[in-house]
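# Report on the structure
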Amino acid sequence: IALTGCAAYARPPNSLKRTPSLLTSRLSKSSDASRTIMAASASTSVSTFGTLVPKDDTNVPAFLKAHPKYNGKNVTIGILDTGVDTGAIGLQSLPGSEGAKIIDVHDCTGCNDVDVSVATAKWVDGEEGSGKGWWEVEGLSGRTLKLNPDWNIGAFPAAVHDEKDESTVEKDENDKRDSVEETKGDTEKDSKTVKVRLGIKRAYELYPSKTVLNRVKSERSKQFQSAQRVHAASLRAKLEAFTQKNTGDLTPALLKQKQDWEYQLELLELGEDKMKEWADPGPLYDCIVYYDAESNEYRGIVDTSETGDLTTTPSLAPFGKAQESGTFGIVDQLNYALQIYDEGTVLSIVADAGAHGSHVAGIAAAHHPDNELDNGVAPGAKVVSLKIGDTRLGSMESMPGLYRALLLAIQLKLDVINLSYGESVHEVNRGKFVELANEMVLKHGITFVSSAGNNGPALTTVGAPGGSCEHILSIAAHVSKDMMGTLYSLKEEEDTDGATFTWSSVGPAMDGANGVTLTAPGGAVTCVPNWTLQRCMLMNGTSMSSPHAAGCVALLISACKANDIPINTVRIRKALEATATNLDNLNNLQQGRGMINVPAAWDHLLKHKDDINQDVLYKVTVGASPSPLRGVYLRQAHETSHKQSVAITVAPQFGYDDLGDDDQQQKRVEFEQRITLKSDATYVDVPEKLALMNNGRTFKIEIDPTNLPPGLHTTLIKGYPYPEDGNTNDGDAPPLFVMPITIAKPLPTTSPTATTVELGDLNFSTPHQIHRLFLTPPETATYADIFMEDTSNISADDDATPRLFTLHTVQLLPSTPHRDNEKQRTLNLYPKQSTITSLPVTGGVTMELCLARGWSTLKTPNAVNVKVVWGGVQPTPAQLSISSGMAGSKPVRLYNGLDTDVTLNPTAKLTKWKHPLRPKTIGTIQPLGERDILPSHNSRIYQLLTEYEYTPEKDDLSKEYKLTPRIPSLNHYLYESQYFAQMVHVYDDSKKLLGVTDSYPGEVTIPANSGTLTLRTQIRHEDPMALEKLNQQVVWVERTIGDVSLSVHNSHMSMVANVGTFSKRVLKPDQSTAAFVSAPNLEALGKIKGLQCGDVLEGSISYEAAKSGARGGASKRPGGYPISYVVGPKALEVKTDESKTEAEDDRTEGEKLEEEVLKLKVSTLEKLIPKHSTNATQAAEDEEKFTKLYQAVSDGNEKHLPLLMVHLQKQDAETLREERLEEVIQASNAILGEIDETKLALYYGGTYHDKEDPESVKERKEMDEMKGQLAEALGRKARALADIENKFLSNTTTIIDSEEKKEEHKKTTTNLTKATDIDTFDDIVKHMRNWVDIDANLKFSVLTLERERRANHPGHVLKLLNKLLEKNGEDTKGGICHITKSDIYKRRTTVLEELNYDHLVERDRVLRVISSPKKYSLF
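We now turn to the structure provided with this report. (Residues numbered from 1 in each chain as written. Predicted model: local features only at pLDDT ≥ 70, side-chain atom pairs only at ≥ 80, totals over all residues. Heavy atoms only, no water.)

A count of helices and strands for the protein chain gives 32 helices and 62 strands. As displayed, the protein chain has an accessible area near 61100 Å², and 49% of this comes from carbon and sulfur atoms. (Helix = DSSP H or I, 4+ residues; strand = E, 2+ residues; numbered from the N terminus. Areas by Shrake-Rupley, 256 points an atom, 1.4 Å probe, with all protein chains shown as cover.)

Okay, structure coming up:
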């Protein structure tokens, strides 16, 4: 799944106080004139050098010279890609300063959508007499935002609903949808408040590549470390002065003061790489959306300054309105634009996911005013960027991005679109994307051009959608001699022919369609985004040939519009196919109909402008419904060994089969076409004539491949209009339709059990030469070793230059992507060098062995000797599944069906752990927004949102781990999927997004202490019932484990008894034996912490012995065969024989029952204690229930300590404790009054604890419980006292940092103590030392923090907070005060503010915001 550029079918590579750099005027010619090519001192030097955007091969210069006004004018090209940079050089303006080149940009993936919620801004007057003021509101970043007073902020339309999605958007109970609330009048701003919408976005989520990310991080790190050094130097000076002043032994107070400064210094002198808790979060941008009362449109702003001061900043309209855009920063140079959706509730920040899209746009339509030689193909065309590469997925395409792009293409009435992405698929010409693409092409007349793919050189490697969808033009990539010299700096040889690039994908499609439609130049040096810090770049691939073809289409449409010639995709396609230049050294599967020839295509359109036949699409299928094919493809030995009769159906198609269109219906009624059928192949016999009417006709052809030599044979059946004069030899008329026939005839086999195939020397005389050989592996073969040796008659001394080769093997299996059964290897072979390549094979299925010399290799001839050796034993069953309780597998039959001995030595291991998850609750099915409305019948797409929870084993919580979420029923289906989307978001326990996966799930890294994970899945479909079927879909969480080895045995009983293992042996030809694979033992399973019943462990098993002897190669099937184990119930724990340690309970049954009832009542009371997150209404209800039940339970149990503890905990609950501090102290005193501390002290001071004595164990348990209750009561009392004392302080600060403040604090505390006759915080903390070490016991951290604050020890406070943050405050759970992660950040920020560490304050503030989002991210 990938971009098809960069010569690989693989994923592309994917501060700073600053002011926004708005690029709001890019319409003038001067915007490019100031950035001319620096290396070109004159146009003549550029002309002599040659063009960097090859166009001669398609005769574009000749066409534009003859028709300069048909340069793409009045044509709009949609670029479905990684996004197009709005500031890229060459993509700024149209020729003649006729306007902006890029007229609209959209991020169709939703990856940078910002959920904006309503907030109220108030008017603030400026300095007296200035006459200036601003709107002010607190941003979600925590900054105070000062909004531009010139913004015409009006009331949001009354129809707006903030609750788009009740499962993801929190309701604003105060949001009444009125943006302006008048309080005194309606004329003065100081009498108003206004409603705006606010959101936040991390810059690091926007950056398109690690290059930009690392560049910004590096610059930010320099500034951060600079600030660190300044503060560290000041602190070191303070320490030096302290040391000089205090030369003797230090008092405890002085020693702690020194230690405190040292703790601060640790924070300031830690390297960035060691500061995990201070990891750079990057810039955090506040986002604002408002409704413009003057223009009646939504506008937005991103605060890239990170200051909150927007008083002079203009806002941005959606890009299509006025082409307004901005730049995030000086360092990143990343340009962006805005779109606003769903009535202002979603702000889309449109920024690149990669450089690929701008390069593609440059090839299609770049315009360089001062260097027209390097213009794109259609410099007069406008561009619309439709971003389908998802930044969250490393720029891979997502299904929402793909279908939304097609919907926008229809909505914006684009003329042609280009998609330079693709992948192999299970089924061609099927799926929701294909259906929508067909509708867009046939009903809305938009020409769809796409890359063929970079997966060649073997057959049937064309990707989807280009090579698989019947109404998309699939473009192969060609490299000419001129390109080799100008673009690739290769030595130009006069007799070198051009060819398709070695890696350019080749047809046919799996259903026999040609796969490749046309060919175009597949490389260019052209536009790239500004964030790459260069103006242009070389890229090659079918990603580059496709936009070249799209540019050619734009030229033809431009010409048609200028001459009022009917325009539709059918006419354009027929003109291109009929006039393409056939390349003699390539077959139709490589080049399609040939190289595009723009002037010839234009002549064809002119000549046939009045021919209504040009509007008729002829649909040709092979075989019967429901799964007709689009061509004949014979590949297997049994298919090519006898004559065949094949039924061909031809049916005319008028537009999109709209039966409600009267004109189309009339055309159907009147249609009649007389056709003559032709084939140039002697092995194909076709009828001569066909009379065709609307409902189609079927005819039969005879194919006789029996006399064909082994190898590739291709031909086309062509249907021409039957000439009026009856002369069927007249070849001037273009064919009405063609149907490809492909025969890949395998080499004959000498024996069904033969293991060696000698292919001999394959001679190569040209750089791009390809040898294709089709082999049939024996039915029982499981792997192949391919031996290759350079046998050129050139010594290494004469020519040590290596030759670049690509070895590519492919087997095709039903409903299986070719990628699952291919082996591709790039080799640099030196003279006389040999190499071996091993690969798994499926027996009896034709394998293509394709050996191609690299297109850029020197022309020196050479030869390669090739030999294939089949090997392996055939296991039955091939896939093993072992269930708990089976002891192991059923017998596996191992059969040697080859003519050589096979040495057996089975090995098996389990390497992956999969855990199933059911949804927490039934999922919700809801309609989506305005971007998700299908054009047919205006139907809306629905989403199914489902939540899952995954709790790792406790040991995993404290360390980083990785997991892969999988939806087995939907994964690995994208273009062919029957659903519009499948996506999984993984969150930690604070709603922080950790990772995103889609159709092709990858690993998500889970940081330490992420807690219980939430997995949110979204599946989309237009039919709610189709979603309902998946409402309880199981999601699997997959993790890698250490290898779990499984033993293999000779018999079932030895497997059960686990005695003896499978002995290494030789299996003779036509012999078989059995093997038994044991289940993993309990010890091995016990090492996998968290394993549960129903989990599945997966791995592989190999049967052959490891490589040995002179033969070389793998000697076994690479990857082995799959094996799985279904985990059963947890094993019982084996307890050691221990002496009885529980004392006899001599109470009556009634007394025991009474105690259990009391325990139950206390437990019920605990559940009624209000939680911190409980809302006010629920808290009041719980309060009333608690009070009634407590009064009832306490009657007669007034001194029951557990009951008193529950009462204390309830009084000290966070929801109401500020109002009940006195009650907390009273409840603590009640407990303290019931505990005899003297008795406790005597017990712990002198009583011997005999662990073997039941009575001693019982007493110790009771004393420990009482000691814990004492410590908790003292702790809660101390905390309450601290809060009361702090309330009475005249100037409470985080740090008591002066003698005056210390004296004031002491005086106030003393007066408070006398007034209330209670102890002080310090008294209680000192008292607690007798019973608990509050420094070591983190459950009392709140007291330690308060004590150190009062002692003016900020270093100690920071050190403890950092320690708590390591586990996100989990260590304080169950204590007297749970300090949450958010609380820790707040406390730390406050301390840092007191210390004036501004750089750390800012970083801490951002970390706090992003670590605990209020909402889940949008999909």
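To continue, consider the environment of I1169. In this fold, I1169 is placed in the loop between α21 (1149-1167) and α22 (1176-1194). Residues I1169 and T1215, 46 residues apart in the sequence, show an inter-C-alpha distance of 9.6 Å. Sequence-distant contacts of I1169, defined by excluding residues within four places in its chain, comprise F1186, V1206, Q1209, K1210 and A1213. (Contact = heavy atoms within 4.5 Å.)

On to the sheet that holds strand β36 (residues 711-721), then. With mixed pairing, 5 strands are arranged side by side in an open sheet as β30-β37-β36-β32-β34. A strand with exactly one partner marks an edge of an open sheet, and here the two such strands are β30 (632-634) and β34 (689-693). The sheet shows a mean angle of 20° between the axes of neighbouring strands, taken without regard to direction. Sheet topology places strand β32 (residues 672-679) next to β36; 5 bridges connect them, and they run antiparallel. Its bridge partner lying in β36, L677 is registered against G719. (Pairing = 2+ DSSP bridges. Axes fitted to C-alpha atoms, helices over the stretch in contact; angles between N-to-C directions.)

What follows concerns helix α4 (residues 210-245). Its 36 residues place the ends of α4 51 Å apart at the C-alpha level, agreeing with the 52 Å of an ideal helix rising 1.5 Å per residue. On the buried face of α4, the contacting elements are α5 (252-269) and α32 (1398-1411). (Expected span 1.5 Å × (residues − 1).)

Before going further, it helps to spend a moment on the sheet that holds strand β41 (residues 803-811). An order of β39-β44-β41-β42 is seen for the 4 strands of this open sheet, with the pairing classed as antiparallel. The outermost strands of the open sheet, each flanked by one partner alone, are β39 (770-775) and β42 (822-829). Sheet twist, expressed as the mean angle between neighbouring strand axes with direction ignored, is 15°. As defined by bridge partners, β41 adjoins strand β44 (residues 847-853) across 7 bridges and the pair is classed as antiparallel. The residue bridging Q811 from the neighbouring strand is M847, located in β44.

Mapped onto the fold, T846 is located in the loop between β43 (834-840) and β44. Reaching out from T846, the side chain makes a polar contact with the backbone oxygen of R635 at a distance of 2.9 Å. The contact partners of T846, leaving out residues within four places of it in the chain, are R635, Q636, A637, P746, F774, L775, T776, V810, Q811 and L812. (Polar contact = N/O pair within 3.5 Å; in protein donor to acceptor, adjacent residues only side chain to side chain.)

Okay, the nonpolar core next. Ranked by internal contacts, the top residues of the largest apolar core, which has 83 residues, are F328, I349, L576 and W602. For this core, the leading source of residues is helix α11 (residues 542-562), giving 11 residues. With residues near it in sequence (within four places) discarded, L576 still touches L473, L518, V553, L556, I596 and A601. Ranked by size, the runner-up nonpolar core spans 79 residues in total, among them I1225, L1338, C1377 and I1384. (Core = buried A, V, L, I, M, F, W, Y, C linked by side-chain atoms within 4.5 Å. Buried < 20%, exposed > 50% of the residue type's maximum accessible area, 1.4 Å probe, protein only.)

Read these as spatial facts, not as claims about activity.
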